[in-house]
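Residue-level structural notes
Read off the chains here:
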Amino acid sequence: MAAAPETKTVHSPALTYFSMLSLLSLCPPFVILLWYTMVHADGSVVQTWNYLKQHGLQGFIDIWPRPTAIAWKIIFVYGAFEAALQLLLPGKRVEGPISPTGNRPVYKANGMAAYFVTLVTYISLWWFEIFNPTVVYDHLGEIYSALIFGSLIFCVFLYIKGHVAPSSTDSGSSGNLIIDFYWGMELYPRIGKNFDIKVFTNCRFGMMSWAVLAVTYCIKQYELNGKVSDSMLVNTTLMLVYVTKFFWWEAGYWNTMDIAHDRAGFYICWGCLVWVPSVYTSPGMYLVNHPVNLGMQLALSILVAGILCIYINYDCDRQRQEFRRTNGKCKIWGKAPSKIEATYTTTSGETKTSLLLTSGWWGLARHFHYVPEILAAFFWTVPALFNHFLPYFYVVFLTILLFDRAKRDDDRCRSKYGKYWKLYCNKVPYKIIPGIY
Ligand code: NDP
């Protein structure tokens, strides 16, 4: 078996265990409290806090919805539909980056087609009165509850599969059950030759559910009030632009840390199956019963600012990938790129070379692309205005996640590229915010 997952050693062992155990135990109840507060407590953390103070643990158990048959049915039909689209829709053959043990995963790039078919099907089901998406909103708590337990069981399956039937040599145990369960064992787990589990959990279930739920919230507000507020329109449009960008660029996503470095375990898979549909969509969930009227000018300004941020974030990713795809033979902001040729050794002992771009967006800071990512999230949340903090939880969470990710990525690249990464850090000294951090 290959070496243990690299990600676990970034922080000190005590902090690593503390954060793993905290996230394993706190994330599930948090999802339920978030939903409860948004849907039943007016979005007010104080109201939920007072309820819990008054009713204690039993009160919390009482508000935790039991997974119902309808919740399982919705999840199963949606999951099966997405799995079928992933397997059956045509798409270009795309090769992922070379893995640490020298494998090159192959994918079918049909994400945009799956996204289009999913949204057209969902909206048509509503339009032709075959299925009303408000049913999803009305059973959201039960759905999250089912997802929490179902995804935990799924992660146990991943853990067992990693031990007994890994799909490739990019798999390994750290010798510690908690680390293996949390960070995962397999980098590219598959069912059969073609069904890639991380593409399903991260893209086709997680990211797709973001778009589906954004539309659901919009329809729910329409059915509640007979119209959709401009704040909801701005929020839904920006989220849909973001998810559309994601699927447009999905093959690029297969080159990122989530897929190429993070193994399939609780962190990535449970996160995409539960955290994305709940926390990532939460600003829209809040707006359903808080229809703020922004006015045309403010609504348009927020919309334009949000689209600009999503575009810049896309352009950062595009620039890096175009640079790598053309082996540095492309123009970056109209000029030949400045670059570092970095050699490294794979775990199987082969010497390889990667190019590091040091101009364009990647010359401003080493992870500048996180700035427009965070700002975009702010812009699709700010239509909620400032009556409550909770809609901003995603922005705060994302900021912490991306600052931590910048550190994890820097540490990983430093150990991969050694002196070449040091050279890059000398040339581009800031981690995320040019001139500041
Ligand atoms: P990427 O994987 O896209 O970029 C980091 C990797 O790129 C490094 O590991 C390294 O990999 C390579 N690299 C680093 N510097 C350079 C350089 N100068 N030139 C060329 N290659 C370089 O980062 P992320 O996965 O973090 O982000 C991808 C996208 O996903 C971003 O748009 C981000 O904002 C978004 N994102 C969104 C999240 C969310 O929850 N909403 C969470 C995380 C990311 P190698 O080993 O190949 O050299």
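Because the structure is a prediction, the values reported are computed rather than measured. (Residues numbered from 1 in each chain as written. Predicted model: local features only at pLDDT ≥ 70, side-chain atom pairs only at ≥ 80, totals over all residues. Heavy atoms only, no water.)

Summed over all chains, the structure comprises 17 salt bridges. A salt bridge links Asp-258 to Arg-405; its shortest N-O distance comes to 2.8 Å. Taken together, the residues Asp-258 in helix 11 (residues 257-260) and Arg-405 in helix 17 (residues 393-417) connect sequence positions 147 residues apart. Each of the salt bridges in this network shares a partner with another, and the network as a whole consists of Arg-366, Lys-407, Asp-410, Asp-411 and Arg-414. (Salt bridge = Lys/Arg side-chain N within 4 Å of Asp/Glu carboxyl O. Helix = DSSP H or I, 4+ residues; strand = E, 2+ residues; numbered from the N terminus.)

Residue position: Ser-354 is located in strand 6 (residues 351-357). For Ser-354, the side chain forms a polar contact with the side chain of Tyr-417, separated by 3.0 Å. Ignoring any residue separated from it by four or fewer positions in sequence, one finds Ser-354 in contact with Arg-324, Ile-340, Glu-341, Ala-342, Tyr-344 and Tyr-417. (Polar contact = N/O pair within 3.5 Å; in protein donor to acceptor, adjacent residues only side chain to side chain. Contact = heavy atoms within 4.5 Å.)

This part covers the pairing of strand 6. In terms of strand pairing, strand 5 (residues 339-345) meets strand 6 through seven bridges, oriented antiparallel. The residue bridging Lys-339 from the neighbouring strand is Leu-357, located in strand 6. Between the end of strand 5 and the start of strand 6, which pair antiparallel, lie five residues, with Gly-349 showing a positive phi angle near 95°. (Pairing = 2+ DSSP bridges.)

For soluble globular proteins, the rule of thumb is that nonpolar side chains tend to be buried together. Membership of the largest hydrophobic core comes to 116 residues, with the highest contact counts inside it found for Tyr-144, Trp-210 and Trp-380. With sequence-adjacent residues up to four places away left out, Trp-380 is seen in contact with Trp-210, Asn-235, Leu-238, Met-239, Tyr-242, Pro-283, Ile-310 and Tyr-394. Of all hydrophobic cores here, the second largest spans 20 residues; its members include Ala-342, Leu-357, Trp-421 and Tyr-424. (Core = buried A, V, L, I, M, F, W, Y, C linked by side-chain atoms within 4.5 Å. Buried < 20%, exposed > 50% of the residue type's maximum accessible area, 1.4 Å probe, protein only.)

Once that is clear, we can look at a nonpolar patch on the surface. A cluster of nonpolar side chains, contributed by Val-45, Phe-389, Val-396 and Ile-400, occupies part of the molecular surface with about 360 Å² of accessible area. By secondary structure assignment, the location of Val-396 is in helix 17. (Patch = residues over 30% accessible without salt bridge, like charges linked within 9 Å, V, L, I, M, F, W, Y side chains within 5 Å. Areas by Shrake-Rupley, 256 points an atom, 1.4 Å probe, with all protein chains shown as cover.)

All right, on to the site of the ligand then. Near the ligand lie 29 residues; those nearest to it are Tyr-280, Asp-317, Tyr-370, Asp-409 and Tyr-417. The contact in question runs from an oxygen atom of the ligand to an N or O atom on the side chain of Arg-320, over 3.0 Å. A distance of 2.7 Å separates an oxygen atom of the ligand from a polar side-chain atom of Arg-412. Listing elements by their share of the shell around the ligand, those giving two or more residues are helix 14 (296-325), strand 6, helix 16 (370-381), helix 17 and helix 18 (419-427). A per-element tally of the shell around the ligand places helix 17 first, with 10 residues. (Near = heavy atom within 4 Å.)

All right, on to unusual backbone geometry then. The phi dihedral of Asp-42 is positive, around 60°, even though this residue is not glycine. Inspection of the secondary structure puts Asp-42 in the loop between helix 1 (13-40) and helix 2 (45-63). A residue is classified by how much of its surface remains accessible, and Asp-42, at 41% relative accessible area, is partly exposed. Phi at Glu-129 takes a positive value of approximately 55°, unusual for a residue other than glycine. Take Glu-129: it is sitting in the loop between helix 4 (111-127) and helix 5 (134-138).

Here we take up the confidence of the model for the chain. Caution is warranted with low-pLDDT regions, since their predicted coordinates should not be read in detail. Taken as a whole, the chain shows an average pLDDT of 94; of its residues, 97% reach a score of 70 or greater. Every residue in residues 1-8 is under pLDDT 50, and counting partners more than four places away or in other chains gives 28 contacts. (pLDDT = per-residue confidence, 0-100.)

Once that is clear, we can look at helix 3 (residues 69-88). For helix 3, with 20 residues, the first-to-last C-alpha span of 28 Å sits near the 28 Å given by 1.5 Å per residue. Taken together, the buried positions of helix 3 are Ala-71, Ile-74, Ile-75, Tyr-78, Gly-79, Glu-82, Ala-83, Leu-85 and Gln-86. The buried residues of helix 3 occupy an angular sector of 160° when projected down its axis, which confines them to one face. Opposite its buried face, helix 3 presents the exposed residues Ala-69, Lys-73, Phe-76, Val-77 and Leu-88, each directed more than 90 degrees away. Buried residues belonging to helix 3 abut strand 2 (106-109), helix 4, helix 5, helix 6 (140-164), strand 4 (195-196) and helix 8 (197-225). (Expected span 1.5 Å × (residues − 1). Arc of directions from axis to C-beta.)

Now for the environment of Leu-152. Structurally, Leu-152 is set in helix 6. Given the relative accessible area of 26%, Leu-152 is considered partly exposed. Between the C-alpha atom of Leu-152 and that of Val-274, which follows or precedes it by 122 residues, the distance is 9.7 Å.

The full count for this structure, using the stated rule, is 46 aromatic pairs. Here Phe-30 and Phe-393 contribute two aromatic rings whose centre-to-centre distance is 4.6 Å and whose plane-to-plane angle is 40°, an arrangement assigned as tilted. One end of the pair, Phe-30, is in helix 1; the other, Phe-393, is in helix 17, and 363 residues separate them in sequence. On the numbers, 6.3 Å between centres and 85° between planes, the contact of Tyr-137 with Tyr-217 is edge-to-face. Here the residue Tyr-137 occupies a position in helix 5, and Tyr-217 occupies one in helix 8, the gap between them amounting to 80 residues. In this structure, Tyr-137 and Tyr-217 share a single accessibility class: buried. In this structure, Lys-245 is placed above the aromatic ring of Trp-249, and the distance from its NZ or CZ to the ring centre is 5.5 Å. The side chain of Lys-416 reaches across the aromatic face of Tyr-344, ending 4.4 Å from its centre. (Phe/Tyr/Trp six-rings, centres within 6.5 Å; stacked < 30°, edge-to-face > 60°. Lys NZ or Arg CZ within 6 Å of the ring centre and 35° of its normal.)

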